[in-house]
Amino acid sequence: MAYFNLTKENAVKETIYEAKQFRKELLKCRHKQDKLKLLFEKLSYNNAYELLLKQKSKRKWLRIYAIRIDENCFLVTGGAIKLTQTMNERKHTNEELVKLEKVRNYLNDNNVFDFDSLNDMKSEL
Amino acid sequence: MMKKSENRKNFDKLISDKKSGWLDDAVWMETNEAWLDKSAHIAIRILSEIHRQKPINGMTQKKIAKAMDVSPQYINKIVKGKENLTLETISKIESVLGIKLISVEKENVITKQIKVPTQVAKPLVSKNQKEYTNLSYQFISNYQLNEPIPNYSQA
């Protein structure tokens, strides 16, 4: 199916470019962790977030999914190329939703609700 | 509601014992970005050419490997776009696929502006010689600051 009248080669190039921008943005957060919250946008799904490039572009399809644990603490659960309106419409994005749900349940069961409780859980493992 | 043990089982399936090492990888990719970009573009070009030639001559990664006398694993590594290719390897792939992957510009193409310390340019002509003023500034880099202005009308 043609998407934005793109050739396969150009679609690959654009995806590589997007991934590169993600990398650059995340690397910037190494020293300025308070910027992390600005990178992620809230999903309609409970406490789940997605990393989406906030630059002006007609097409952005790469996503990084995460659960927000604290203001600037995100637990990345996976990533995908999202071409549909909702995540349920395609198998691979639906799998990301399932992952988010599993991780969220696990964190709830282990009383992880902030950065400190996450560290407590990690030390107990 | 899922049981705790079931949650743990599901969670364990998703995680790995190994550290992702994303930060080290990201820093390495950032440092090597220039050639990695070129390698990725070459990989895309090779894959698309294999795809184009496949129905015509049955081209595959395996065929390229055989023609180049290397392992198919090596070709697979190349098409992942993270291989620091030598000119020899590139030329061999070009020859097998019958395409041009890289070329060297004939003319000097400036990709990076080198900063030259700026010199304060004084007008080379007096205020009453207004007709030459613009010309003097335009060619200032080619002449010494106190040299006489060339007479272009007689050239």
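Residues numbered from 1 in each chain as written. Chains lettered and ligands numbered in written order. Predicted model: local features only at pLDDT ≥ 70, side-chain atom pairs only at ≥ 80, totals over all residues. Heavy atoms only, no water.

(A) Spotlight on the confidence of the model for chain A. When pLDDT is averaged along chain A, the result is 82; 85% of the residues meet or exceed 70. Of all secondary-structure elements in chain A, the lowest mean pLDDT belongs to strand 2 (residues 48-51) of chain A, at 68, while helix 1 (residues 8-28) of chain A reaches the highest, 90. (pLDDT = per-residue confidence, 0-100. Helix = DSSP H or I, 4+ residues; strand = E, 2+ residues; numbered from the N terminus.)

(B) Summary view of the pattern of salt bridges. Summed over the entire model, instances satisfying the criterion amount to 13 salt bridges over all chains. As a salt-bridge pair, Lys-20 of chain A and Asp-37 of chain B come within 2.8 Å of each other at their nearest N and O atoms. Residue Lys-20 of chain A is located in helix 1, and its partner Asp-37 of chain B is located in helix 3 (residues 33-57); the two belong to separate chains. What makes Asp-37 of chain B partly exposed here is its relative accessible area of 23%. With its nearest N and O atoms 3.3 Å apart, the salt bridge here joins Arg-45 of chain B to Glu-49 of chain B. Placement of the pair is Arg-45 of chain B and Glu-49 of chain B together in helix 3, with a separation of four residues, close to one helical turn. (Salt bridge = Lys/Arg side-chain N within 4 Å of Asp/Glu carboxyl O. Buried < 20%, exposed > 50% of the residue type's maximum accessible area, 1.4 Å probe, protein only.)

(C) Looking closely at the packing of helix 1 of chain A against helix 2 (residues 22-31) of chain B. In the contact formed by helix 1 of chain A and helix 2 of chain B, the axes pass within 10 Å of each other and the chain directions differ by 115 degrees. Crossing geometry of helix 1 of chain A relative to helix 2 of chain B is assigned as left-handed. Judged by residue contacts, Arg-23, Lys-24, Leu-26 and Leu-27 of chain A of helix 1 of chain A engage Trp-22, Leu-23, Ala-26, Val-27, Met-29 and Glu-30 of chain B from helix 2 of chain B. (Axes fitted to C-alpha atoms, helices over the stretch in contact; angles between N-to-C directions. Left-handed = near helix turned anticlockwise from the far one by under 90°. Contact = heavy atoms within 4.5 Å.)

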